[in-house]
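# Inside the fold
Okay, here's what each chain looks like letter by letter:
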Amino acid sequence: MPPPADLVKVAIEWPGAFPKLMEIDQKKPLSAIIKEVCEGWSLGNHENFALQIADATNFYITEKNRNDIKNGSILRLTTSPYQTAVQLHERIQSSSMDAKLESLKDLANASRDITFAQEFINLDGISLLTLMVESGTERYQKLQKIMKPCFGDLLSFTLTAFVELMDHGIVSWDTFSVAFIKKIASYVNKSAMDTAVLQRSLAILESMVLNSQDLYHKVAQEITIGQLIPHLQGTDQDIQTYTIAVINALFLKAPEEKRQVDEHIVDILNCHLTEMAHILAQKQLRSIILSNVIRSPTPINDEMAHQLYVLQVLTFNLLEDRMMTKMDPQDQAQRDIIFELRRIAFDVECEPNNGGSTEKRKSMYTRDYKKLGFINHVNPAVDFTQIPPGMLALDNMLYFARHHQDAYIRIVLENSSREDKHECPFGRSSIELTKMLCEILKVGELPSENCHDFHPMFFTHDRSFEEFFCICIQLLNKTWKEMRATSEDFNKVMQVVREQIMRALTLKPNSLDQFKSRLQNLSYTEILKIRQSERMNQEDFQSRPILELREKIQPEIMELIKQQRLNRLCDGTCFRKISSRRRQDKFWYCRLSPNHKVLHYGDLEESPQGEVPHDSLQEKLPVADIKAVITGKDCPHMKEKGALKQNKEVLELAFSVLYESDEYLNFIAPDKHEYCVWTDGLNALLGKEMTSDYTKSDMDTLLSMEMKLRLLDLENIQIPEAPPPIPKEPSNYDFVYDCN
């Protein structure tokens, strides 16, 4: 007979005493259980004690999380969160430097627990830490000179405790003084600073900017690009990551007018990060990131890849304003750009403006605008009233005409000499291509929280989008010729060009030249071969015998997929803990037991390099207790308040396991693949259908392979649509031999 669900068998430790084995009744108040434990060791004042999980986290047991206690858990009797907070509050103000250092180290560790954090914050602990930071440097200047490592540790633990306490979201970021911001900024601006202090300082600045518009303005006044550049030139990838994260945060929160290029700023080293568009356009910052980060011998980790992706997205989002701006057909300055395109293409100057030549000029303009490939030959400005791509298309065309003049003239003249139906309209093509590139690069969309998809080639040129367009417009013209296309084939050509671009981008070229060479290998003929090959691989015979064979094989394939999913769950996955802060270094691991009966999970200090053994994962969840698997916006951790709930990418990776009555184990998968694996595996454990896109893809692939293997003997033999007809009955059965 199984033990009652409300009784949990645990071991409880107390320093200097032999551990106790006891049963905890989950129906009893936690205070009564603590009193019983204290009486067992003859300890008075039980209200001054509490229970902790005896692992690396040391989290306190409360009424809210007591259901996390499982059979076999090891607990520790310790001082209550309030008593610990009071003691540490006093100790960190000690005049003894050793005592202060040790207490700050303990505070940094204890602050990870929200129960302790609440008590320490109630004692005005945040204000005490900020005061220590504001006044600490002056007070310990002598210490810094004599015992620099000790000073670095002291400040590091202080800032670590501050970051951990603020990470719980209990205190608003708007409450901090300018003096505190200046002090944190000074640690970033110093040329030689302890690495741990620099990391924490950058993390604090990032959180300030992301969580408060008011603090954004204050931080932007203190930090200069000249002070951040040396951190990118170092070899510590963590420091580089935090530095780019600060740049991204400032860029993301910058007011709209601050994102525009200020052409009057000349001194990049002295200008503030608020002029983000100008700085990002400068060769210095871009080339430093390219040479010291992207082309560094150190492999780029996931967090750095994410920050580079965010920087790439925010940079391209600067194009959104032009992309969504319609051209004013009456604006002479804008119309002059079209005149410039005509002048470069046909090497003509504007004729004198006299009445006698008005009709002639109009006729010449109409003829030339037709050669340039505009839809509206009389007033091409009307072509740019469509948004997107708006004025961005005209900007791209002008850039191509000025910076790649020979190629521009060749394309225009080449097409103007063809028959009308075979010409590739440069104007229309440029507008549609710009719109397509904006869709591919997701211009105007906010960066995803979990994406690492940055392209090194976009960091190799100051005008990478324009150069990207120039390469692609030449590709479009080349593909048009290879397809022998006519005006009716315009959309087909655009589809092929899109496929060529997407396939080349998938290969992640390191430079624009490499991207160009990849496109050379993806000619229209090659695309046709790839399509044909894919069609053959996905060919689905529709004759009845084949369909019957498919139906017979499908259950076997589904069982194979199910076993693969369960095996992957047994291997386990490392999940990142995500809160309102962008960057988290906390992980937890979950895996299924080999007998498929228990989910083992627990927190990790760092991302594991290999398989995590079951015995190191303290928490357990019996599969029999799982009631349902919930996905997307229905998950409880997606309904909570926070910046992440608005993010579509995170919603698509979120799932929760409901067990008991209203308890949840919440997940955010590292990527779509892991999301499909886990939701499929959990549904398989519950006896439900596996419905993910990954399962459908695997089914199609494996079924196609199995079908081809079974039909090998029938190669070059036509399979009839229907079975052969049954012959007519014979006129008599005299030929039948009767054994009797």
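Bear in mind the structure is a predicted one, so any value in this text is a computation, not a measurement.

### A few points about the sheet that holds strand 5 (residues 573-576)
Spatially, 4 strands are ordered 5-6-7-8 in an open sheet, and the strand pairing comes out antiparallel. Each end of this open sheet is capped by a strand with a single partner; those strands are strand 5 and strand 8 (619-622). On average, each strand axis in the sheet is inclined to that of its neighbour by 25 degrees, with strand direction left out of account. Summarising the sheet, strand 7 (residues 598-604) and strand 8 pair through 4 bridges and their orientation is antiparallel. Within strand 8, the position partnered with V598 by the bridge is P622. Sheet strands touched by helix 26 (residues 544-571): strand 5 and strand 6 (587-592). Its angle to strand 6, the strand with the most contacts, is close to 135 degrees.

### A closer look at the nonpolar core
By size, the foremost hydrophobic cluster in this structure holds 81 residues, and its most contacted members are L107, L129, F162, M208, I289 and L308. Formed by 69 residues, the second largest nonpolar core is a distinct cluster that contains M391, I411, C438 and F490.

### What to know about the side chain of E466
Its location among the elements puts E466 in helix 22 (residues 464-482). On the basis of relative accessible area, E466 is assigned to the buried category, the value being 13%. A distance of 3.2 Å separates a polar atom in the side chain of E466 from a polar atom in the side chain of R463. In this view, E466 contacts N396 and Y399; residues no more than four positions away in its chain are not counted.

### Looking at the side chain of S212
Considering the arrangement of structural elements, one finds S212 in the loop between helix 9 (195-211) and helix 10 (213-222). Since its relative accessible area comes to 4%, S212 is described here as buried. A distance of 2.3 Å separates a polar atom in the side chain of S212 from a polar atom in the side chain of D174.

### Concerning the pairing of strand 1 (residues 7-13)
Sheet topology places strand 1 next to strand 2 (residues 20-25); 6 bridges connect them, and they run antiparallel. Across the sheet, the residue bridging to K9 is E23, located in strand 2. Turn length for the strand 1-strand 2 hairpin, with the two strands adjacent in sequence and antiparallel, is 6 residues, and the turn residue G16 shows positive phi of about 85 degrees. Sheet topology note: the strand 1/strand 4 (residues 74-79) ladder contains 3 bridges and is parallel.

### Thoughts on the sheet that holds strand 3 (residues 49-53)
One key point about sheets: their strands pair by backbone hydrogen bonds, in either a parallel or an antiparallel sense. An order of 2-1-4-3 is seen for the 4 strands of this open sheet, with the pairing classed as mixed. Only two strands of the sheet have a single partner each, and these edge strands are strand 2 and strand 3. Shown here is a sheet whose adjacent strand axes are inclined to one another by a mean of 45 degrees, direction ignored.

### Looking at the pattern of salt bridges
Counted according to the given criterion, the structure contains 21 salt bridges. The salt bridge partner of R568 is E674, with a shortest N-O separation of 2.4 Å. Residue R568 is located in helix 26, and its partner E674 is located in helix 29 (residues 672-685); the two are separated by 106 residues in the primary sequence. Of the residues examined, R568 reaches a relative accessible area of 17% and is grouped as buried. Judged by relative accessible area, E674 falls into the buried class, the value being 10%. Salt bridges here are not isolated pairs; linked through shared partners, they connect E340, R343 and R402.

### Points about the confidence of the model for the protein chain
Mean pLDDT over the protein chain stands at 84; residues scoring 70 or higher make up 86%. In this model, residues 140-148 is a region of pLDDT below 50 whose contacts with residues beyond four sequence positions or in other chains number 9 contacts. Here residues 641-646 is a poorly scored stretch, pLDDT under 50, and it has 7 contacts once near neighbours within four places are set aside; other chains count.

### Regarding unusual backbone geometry
Of the consecutive residues I387 and P388, the connecting peptide bond is found in the cis state with omega at -20 degrees. You can see P388 is positioned in the loop between helix 18 (358-371) and helix 19 (391-403). Backbone torsion omega between P388 and P389 reads 15 degrees, so that peptide bond is classified as cis. With a phi angle near 50 degrees, N45 is a residue other than glycine that sits in the positive phi range. Tracing the sequence through the fold places N45 in the loop between helix 1 (30-40) and strand 3.

### Section: the packing of aromatic side chains
One pair of aromatic rings is described through two measures. These are the centre distance and the angle between the planes. Tallied over the entire structure, the rule returns 29 aromatic pairs. Considering the side-chain rings of F116 and F120, the 5.8 Å spacing of their centres and the 20 degrees angle between planes classify their relative orientation as stacked. Placement of both F116 and F120 in helix 4 (residues 114-122) is noted, with a separation of 4 residues, approximately one turn of the helix. By relative accessible area, F116 is classed as buried at 1%. With relative accessibility at 0%, the residue F120 sits in the buried group. Linked through ring pairs, F575, W588, Y601, F655, F667, Y675 and W678 together constitute an aromatic cluster. Of note, K20 hangs over the ring of W41, and the distance from its end group to the ring centre comes to 4.9 Å. The ring of F490 has R428 sitting right over it, with the charged end atom 3.8 Å from the ring centre.

### Quick notes on helix 10
Within helix 10 the residues assigned to the buried category are L215, Y216, V219, A220 and E222. The buried residues of helix 10 occupy an angular sector of 155 degrees when projected down its axis, which confines them to one face. On its buried side, helix 10 packs onto helix 8 (178-189), helix 9 and helix 12 (237-253). The N-cap residue of helix 10 is S212: its side-chain oxygen and the backbone nitrogen of D214 are 3.4 Å apart.

### Things to note about the packing of helix 29 against helix 30 (residues 693-710)
One can describe the packing of helix 29 onto helix 30 by two numbers: an axis separation of 8 Å at closest approach and a directional angle of 90 degrees. Considered as vectors, helix 29 and helix 30 are oriented roughly perpendicular to each other. Between helix 29 and helix 30, the contacting residues are H673, C676, V677 and D680 on the first element and D693, Y694 and T695 on the second. The residue inventory of the contact of helix 29 with helix 30, partitioned by class, reads 3 nonpolar, 2 polar and 2 charged.

Rules used throughout
Residues numbered from 1 in each chain as written. Predicted model: local features only at pLDDT ≥ 70, side-chain atom pairs only at ≥ 80, totals over all residues. Heavy atoms only, no water. Pairing = 2+ DSSP bridges. Helix = DSSP H or I, 4+ residues; strand = E, 2+ residues; numbered from the N terminus. Axes fitted to C-alpha atoms, helices over the stretch in contact; angles between N-to-C directions. Contact = heavy atoms within 4.5 Å. Core = buried A, V, L, I, M, F, W, Y, C linked by side-chain atoms within 4.5 Å. Buried < 20%, exposed > 50% of the residue type's maximum accessible area, 1.4 Å probe, protein only. Polar contact = N/O pair within 3.5 Å; in protein donor to acceptor, adjacent residues only side chain to side chain. Salt bridge = Lys/Arg side-chain N within 4 Å of Asp/Glu carboxyl O. pLDDT = per-residue confidence, 0-100. Phe/Tyr/Trp six-rings, centres within 6.5 Å; stacked < 30°, edge-to-face > 60°. Lys NZ or Arg CZ within 6 Å of the ring centre and 35° of its normal. Arc of directions from axis to C-beta. Parallel < 35°, antiparallel > 145°, perpendicular 65-115°, else oblique. Nonpolar A, V, L, I, M, F, W, Y, C, P; charged D, E, K, R; others polar.

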